[in-house]
Amino acid sequence: MSVSGSGAMGDLRSDVADALQRWAGWSRSGRHDRIIAEGRVYLDRAAGRPDLFGPMLLWIAQAHLDLGDPEAAVTSAQQAWEADPSPVSTHTLAIALDGQGSTDDALALLELGLQLHPRAVNLSLQLAMLLGDQGRVPEALDRLEEVDPADFEDATTASLYYRLLAGLYAACGRWREADDVLRDACSHRDGDAAHQALDELNTAWRRTERSRELVIEWTDSLHELPPPHADVDDAIVTLGSALEVPALVAAAARRLWRALVASDPPTVRTADIWAGAALASPFQGLLWNQY
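Residues numbered from 1 in each chain as written. Predicted model: local features only at pLDDT ≥ 70, side-chain atom pairs only at ≥ 80, totals over all residues. Heavy atoms only, no water.

## So, the confidence of the model for the protein
Then, in step 1: Per-residue pLDDT for the protein has a mean of 86; in total, 92% of the residues score no lower than 70.
Then, in step 2: For the stretch residues 1–10, pLDDT sits under 50, and the model shows 13 contacts to residues farther than four places along the chain or on other chains. (pLDDT = per-residue confidence, 0-100. Contact = heavy atoms within 4.5 Å.)

This is the structure in structure tokens:
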């Protein structure tokens, strides 16, 4: 149905419902610009009907997000949220805010949304994901551990919850708990996502264990260096800790420095410069990316 064909005599609510169904199809086919263009017309027609604004504005906001324009999405999502601060409008506005770089505002909005809708698990999951992305893993875990799986309305949400929870456990080194979560998900739910996540977790776990073993092996094999070469060795440890480089990279840099000293002892004037060079060598970069 075209806009002009809907007719002034038609019921506006019915016309909007038809439009939303049409927009859903356009969204699936990637025709987001058509949603935005037609949305302007329907918003004008619905002037004075704020009860119809919310759903239309959310579709328009999502279209802007799909087109990579979070700033425009914030404008539409904010209006939708003001018309109805539902879990859906809160979720969409938080995504838009985070997309434009206003992550703190997105977090605050999600906190407010959970106060208004304590059992809105989609908001809890979104909040945990944002906190995890910021490196605030303990806070993200606290949020997820407050979620009651009985509140899940569909298998997709449940799968996301278990995979996110396992990922956060793994991020703080709680590998066995992560494994238990995913095995529980595999045994109680159909679908490939949990099984794939379990395989990926075990691969990462084995790689991490091998990395830990190498750190111990390489560190134990290091011999003492005389000054001033020992100063560079100390600087590698200090700088690596300050930069939060993986322990394996720091151990490899110390080995690399000893190899250089043994083959062609350099003149050391500034220990930090040599330490930085050892940590930033192409070989170290390769290890850093791998582990």
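Okay, back to it.
## Quick look at the pattern of salt bridges
Then, in step 1: Tallied over the full model, the rule gives twelve salt bridges.
Then, in step 2: Here Asp51 makes a salt bridge to Arg13, at a shortest N to O gap of 2.5 Å. With Asp51 in helix α3 (residues 50–66) and Arg13 in helix α1 (residues 12–28), this residue pair connects regions lying 38 residues apart in the sequence.
Then, in step 3: For Asp51, a relative accessible area of 42% puts it in the partly exposed group.
Then, in step 4: On the accessibility criterion, Arg13 (45% relative accessible area) is partly exposed.
Then, in step 5: Two residues, Arg254 and Asp233, come together in a salt bridge whose shortest N-O distance is 2.9 Å. Here Arg254 is found in helix α13 (residues 247–263), whereas its partner Asp233 is found in helix α12 (residues 229–243), with 21 residues between them in sequence. For the pair Arg254 and Asp233, one class covers both residues: buried.
Then, in step 6: It is possible to trace a salt-bridge network through shared partners that takes in Arg13, Arg49 and Asp51. (Salt bridge = Lys/Arg side-chain N within 4 Å of Asp/Glu carboxyl O. Helix = DSSP H or I, 4+ residues; strand = E, 2+ residues; numbered from the N terminus. Buried < 20%, exposed > 50% of the residue type's maximum accessible area, 1.4 Å probe, protein only.)

## Some points on the packing of α12 against α13
Then, in step 1: At a minimum axis distance of 9 Å, the contact between α12 and α13 shows a crossing angle of 165°. When the axis of α12 is compared with that of α13, the two are roughly antiparallel. Both α12 and α13 take part in a crossing whose hand is right-handed. Along the contact surface, α12 presents His229, Val232, Asp233, Ile236 and Val237, while α13 presents Ala250, Ala253, Arg254, Trp257, Arg258 and Val261.
Then, in step 2: Across the contact of α12 with α13, the residue classes break down as seven nonpolar, one polar and three charged. (Axes fitted to C-alpha atoms, helices over the stretch in contact; angles between N-to-C directions. Parallel < 35°, antiparallel > 145°, perpendicular 65-115°, else oblique. Left-handed = near helix turned anticlockwise from the far one by under 90°. Nonpolar A, V, L, I, M, F, W, Y, C, P; charged D, E, K, R; others polar.)

## Quick notes on the layout of surface pockets
Then, in step 1: Put simply, the largest pocket is a space of about 290 Å³.
Then, in step 2: Together, 17 residues line the largest pocket, and Val88, His91, Val121, Asn122 and Thr157 are the ones closest to its centre.
Then, in step 3: Among the elements of the structure, α5 (87–99), α7 (121–133) and α9 (155–171) are those that each provide at least two residues to the lining of the largest pocket.
Then, in step 4: Taken together, the residues of the lining of the largest pocket sort by class into seven nonpolar, seven polar and three charged. (1 Å grid on protein atoms, 1.4 Å probe; cavity = no way out; pocket = protein on both sides within 12 Å on 5 of 7 lines; lining within 4 Å. Points joined across faces, edges and corners; volume = space filled by probe spheres on them.)

## Describing the environment of Ile216
Then, in step 1: Positionally, Ile216 belongs in helix α11 (residues 192–220).
Then, in step 2: Here the alpha-carbon distance between Ile216 and Asp234, two residues 18 residues apart in the chain, equals 17 Å.

## Focus on unusual backbone geometry
Then, in step 1: In this chain, Pro227 is followed by Pro228 through a cis amide linkage whose omega measures 0°.
Then, in step 2: Positive phi, normally seen in glycine, also occurs at Glu244, with a value near 60°.
Then, in step 3: By the element assignment, Glu244 lies in the loop between α12 and α13.

## Describing the packing of aromatic side chains
Then, in step 1: Scanning the model with the defined rule gives four aromatic pairs in all.
Then, in step 2: Taking 6.2 Å as the distance between ring centres and 10° as the angle between the ring planes, the aromatic pair formed by Trp175 and Trp205 counts as stacked. Here Trp205 lies in helix α11 and Trp175 lies in helix α10 (residues 175–188), a separation of 30 residues in the sequence.
Then, in step 3: Judged by relative accessible area, which is 13%, Trp175 ranks as buried. (Phe/Tyr/Trp six-rings, centres within 6.5 Å; stacked < 30°, edge-to-face > 60°.)

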